[in-house]
Each structure stands twice: as structure tokens, then as C-alpha cells.
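The primary structure of each chain is shown beneath.
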Amino acid sequence: MSNAAVETVDDALARCADGDRSAFGEIVREHQAMVYSLALHFLRSPSMAEDLAQDVFLELYRNLGSIKSAAHLRFWLRKVACHRSIDRMRRRQPDGVLSLEDVPEPAAAEHTRDPLLEEKLWRLVATLPDKPRMAVILRYQEDMELHEIAEVMGISINTVKSSMMRALALLRAKLARSMGGVKV
Amino acid sequence: MKPLDDELRSLLKRKEPPEGFTDRVMARIDAAPSRPAIIQRVVKFWRRPVLRWAAVAAVVCTVATAGIVRYQYQQRVRAQAERASREAILALRITNEEIDTALRRAQRVTLRALEVQKNPKSEME
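This report concerns the structure included in the present document. (Residues numbered from 1 in each chain as written. Chains lettered and ligands numbered in written order. Predicted model: local features only at pLDDT ≥ 70, side-chain atom pairs only at ≥ 80, totals over all residues. Heavy atoms only, no water.)

Focus: the packing of helix H7 (residues 146-153) of chain A against helix H8 (residues 157-178) of chain A
Residues and elements named next belong to chain A.
- Between H7 and H8, the least distance of the axes is 8 Å, while the angle of their chain directions is 110 degrees. The orientation of H7 with respect to H8, classified from their angle, is roughly perpendicular. Every pair of crossing elements has a handedness; the one defined by H7 and H8 is right-handed. Listed contacts from H8 to Leu146, His147, Ile149 and Ala150 of H7 are Ile157, Val160, Lys161 and Met164.
- In terms of residue class, the contact of H7 with H8 is built from six nonpolar, one polar and one charged. (Axes fitted to C-alpha atoms, helices over the stretch in contact; angles between N-to-C directions. Helix = DSSP H or I, 4+ residues; strand = E, 2+ residues; numbered from the N terminus. Parallel < 35°, antiparallel > 145°, perpendicular 65-115°, else oblique. Left-handed = near helix turned anticlockwise from the far one by under 90°. Contact = heavy atoms within 4.5 Å. Nonpolar A, V, L, I, M, F, W, Y, C, P; charged D, E, K, R; others polar.)

The following block contains the structure:
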């Protein structure tokens, strides 16, 4: 997050404290991609991800008084989004029936990557257990350090380290196997 | 082929939510029942750090006062029990002495009665 963005969020937080509702809209706009993407990558359902992201911002609105700074806000949003996503995944019905809204959109024209490989990787990431999957998402979506992931997820750094290593080894092995032994 | 790290970074890029997301969040905030003004005021009041410390201090004082009062009450009860015990011992001692006196008197009467039986003349004299 750039210094200017931090200042903007700090300013929006101050205005929210003074009762300016439009400032909360600015906070949502600034962080919506982060919260929505965490939920989307974890749940793999656009409708559930939007619903969850809305819940997270609603909870933020109720707890705005406890937010001290832009950095604290980012940490809080990541933490709540991460825990709510894991909770929702556990509550999700095991039948795996998708609504029409949940069918992924066709690949955009700007895509230059192999859509088959992408889909394969998606499926492999989805097979990881909940916590290692969330750790991988935080690492590669948010570019977070291991200690930051540990703080957000409320687990030890050693647990993050070992589950990341296991998850990546598993992904490498499965991807190589599915591609006929090509090393990745 | 790119290494796995790059593949994952590219796969897990941030995506914007569907159009109108912020408006939908704001609409849900408007629709949600807000806390009554009095509760909001109380919550805001309690968020002041000075008040939190004052509350902690008040709790500590209350606990300390309750402890002192309880200790004094226990001391008073113990003193009363000791006094009652002393009085009971004294009463038992007095009763014991009176019983002794009564027994001695009864012995004397019995001995005299036996002497009279053995030697009726002495009674006559």
C-alpha cells in the first residue's frame, strides 16, 4: 500500500469517526478487491465470496471504533475475511451443487496463459486442506511474509512454514504427475 | 513453463468484485438495525482508555474492600466463638464443683447413717 493510500485511509477513518458515512464508502472501495479476492480464491464461488465480503464490511462498520490506523484496518480485514472464509467452507453443504452465478466466467481475451493449466492448478489448490490453502492464498495473493500469515491466521510461524512447504510440494508433485512428469 | 511460484501469483491475483459492490454494502448498512443512540453513547463512553483504567481501579478497590470486610467479619466471629467456649468451660467447671460438693455431702450423710446402724447407742447419746 502506497503512502498516499495509507494517508487516504487514515483520513477516511478519521472522517468516519466524525460520523461521515461517505468516508466508509471510500474505505470499502479501497479494500474491496482484497477482501473479495481472499473469499473468492478460498471459496471458489463468486456469489458466496460477495456475500462474505459484504458481511466482513458490515462487521467492520460495527467495529470501526476499534480500528486505530490504516495498517490495523488492513490486518483486521484480512484476519476477519480469512476466518469467516474458513468457517463458511466448513458449514458449506458437501453436495457441491453450484448456482448459475457460481459458474466461472469464460477466460478473458487478455488471457495469454494456458487456460487448461490454470484450471488444473485451481483444482489442485482446491484440494488442499483449509488452513494450508488459506496460507497459500495469503502468500501469493497478498504477498505476505510468513510471520504476517501466522498473525492473521492465529497460528505459529512454524505451523505456517511447514504447511506451506507441504502444500507447495504436494502441488508440484500433483501438477508434474498430471502433466506427464514435467518438472514445475 | 513458469515456476510454480509465478503460476500461483498469477492465478491468485486480486480481482475486483462485481460492479456496484460498495453500493450494496452501503445499502446493507442502511438496512441493518442500528444500535440505539443510548447504547452507542455508552459504547463510545467505554472506549475511552482513562475510563477503562478507572473501571479496573474501581474493581480492584471493590475486591480489596470486600476482602477486608470479610476478614474483619471472620475475626469477629472467631472472637465470639472463643468467648463462648471460655464461658462454657467456666460453666462446666462450676457445675462440676457443685456436683462434687453434693456428692461429699451425700457421702457424709451415708457414713453417719451406717454408723448409727452399727451403734444405735451413739445416736441415743
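Re the pattern of salt bridges
- Summed over the entire model, instances satisfying the criterion amount to 16 salt bridges over all chains.
- Close ionic contact of arginine 28 of chain B with aspartate 51 of chain A constitutes a salt bridge, the shortest N to O distance being 3.9 Å. Here arginine 28 of chain B is found in helix H2 (residues 21-31), whereas its partner aspartate 51 of chain A is found in helix H3 (residues 46-62) on a different chain.
- Owing to a relative accessible area of 35%, aspartate 51 of chain A belongs among the partly exposed residues under this scheme.
- For the salt bridge of glutamate 142 of chain A with arginine 14 of chain B, the shortest nitrogen-to-oxygen distance reads 2.6 Å. Of this pair, glutamate 142 of chain A sits in the loop between helix H6 (130-141) and H7 while arginine 14 of chain B sits in the loop between helix H1 (4-11) and H2, on two different chains.
- A relative accessible area of 8% places glutamate 142 of chain A in the buried class.
- Overall, the relative accessible area of 42% leaves arginine 14 of chain B in the partly exposed class. (Salt bridge = Lys/Arg side-chain N within 4 Å of Asp/Glu carboxyl O. Buried < 20%, exposed > 50% of the residue type's maximum accessible area, 1.4 Å probe, protein only.)

Some remarks on H7 of chain A
All names here are of chain A.
- Of the positions making up H7, those classed as buried are Ile149, Ala150, Val152 and Met153. One face of H7 carries all of its buried residues, which in axial projection span an arc of 165 degrees.
- Lining the buried residues of H7 we find helix H4 (70-91), H6 and H8.
- Looking at the residues trailing H7, positive phi occurs at glycine 154, about 70 degrees. (Arc of directions from axis to C-beta.)

Quick look at the interface of chain B and chain A
- Taken together, the 27 residues of chain B in the interface contact 41 residues of chain A.
- Buried area between chain B and chain A, summed over both chains or domains, comes out near 3,400 Å², and the portion from carbon and sulfur atoms is 63%.
- Broken down residue by residue, the surface that chain B buries against chain A is led by Leu4, Leu12 and Arg14 of chain B, which jointly contribute 20%.
- Where chain B packs against chain A, one counts six salt bridges. (Buried area = accessible area lost by both parts, 1.4 Å probe.)

Keep in mind that these numbers describe shape and distance, not what the molecule does.
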